[in-house]
Amino acid sequence: MGTRSTAVLASGSASAAKLLVAALAFTAAYVGVSAYDTANSAPAPQSRTTTTIRFAAVTTDVAPEAGSVAVNPLTTSGGCERAFRARGVVVSPTPGDTVLYGWRLARWSAPAHAWKTYLVDHEGFYGSRRTVSWEPRVVGNPGWYRVELSVEGGRTIRSEKFLVSC
């Protein structure tokens, strides 16, 4: 009986080892493809001045116009970490009700030819009008981004695209 149990354990260990090797091979292949796709994902810049962040003074609390999203770079600790402050004005169609809104940081995907979600956040408030802000961070993922602000039952407002580089 001891030999039979040992044989079953040995064959189970061999199967586990084969699964581990297969998983590692798949992971290595995926990381290689991912790194290749990331390196080729930024659209080619039109000129040296293509970074199109809608700058407002970072140190002031001046709200952007209703219907627009302003994105300002924030000081970061260095390396490949970038932080931004996105601001917009949300006007409630029904001032007596709660307004729900959401932020989306989208990254350009060259293979898909589309903007893909990178980060999201959802919030809300009670009132008729509010200047809202969000501070997303991008760490180790250079490329083209934009910020989107959407209000429940309303439209989505997009910032201009901006380039994040290390």
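Residues numbered from 1 in each chain as written. Predicted model: local features only at pLDDT ≥ 70, side-chain atom pairs only at ≥ 80, totals over all residues. Heavy atoms only, no water.

## Comments concerning the layout of surface pockets
Next, step 1: The volume enclosed by the largest pocket comes to roughly 190 Å³.
Next, step 2: Forming the boundary of the largest pocket are 13 residues, of which Val-89, Val-90, Val-91, Val-151 and Ile-157 lie nearest the centre.
Next, step 3: Only strand S2 (81-91) and strand S7 (143-151) provide two or more residues apiece to the lining of the largest pocket.
Next, step 4: Among the residues making up the lining of the largest pocket, the classes are represented as eight nonpolar, three polar and two charged. (1 Å grid on protein atoms, 1.4 Å probe; cavity = no way out; pocket = protein on both sides within 12 Å on 5 of 7 lines; lining within 4 Å. Points joined across faces, edges and corners; volume = space filled by probe spheres on them. Helix = DSSP H or I, 4+ residues; strand = E, 2+ residues; numbered from the N terminus. Nonpolar A, V, L, I, M, F, W, Y, C, P; charged D, E, K, R; others polar.)

## A closer look at the side chain of Ser-109
Next, step 1: Secondary-structure assignment places Ser-109 in strand S3 (residues 98-109).
Next, step 2: Classification of Ser-109 as buried rests on a relative accessible area of 15%.
Next, step 3: Aside from chain neighbours lying at most four places away, what touches Ser-109 is Ala-114 and Lys-116. (Buried < 20%, exposed > 50% of the residue type's maximum accessible area, 1.4 Å probe, protein only. Contact = heavy atoms within 4.5 Å.)

## Thoughts on unusual backbone geometry
With glycine set apart, most residues show a phi of negative sign, and most peptide bonds adopt trans.
Next, step 1: Phi is positive for His-113, close to 55°, though the residue is something other than glycine.
Next, step 2: Taking the relative accessible area as the measure of exposure, His-113 reaches 62% and is therefore exposed.

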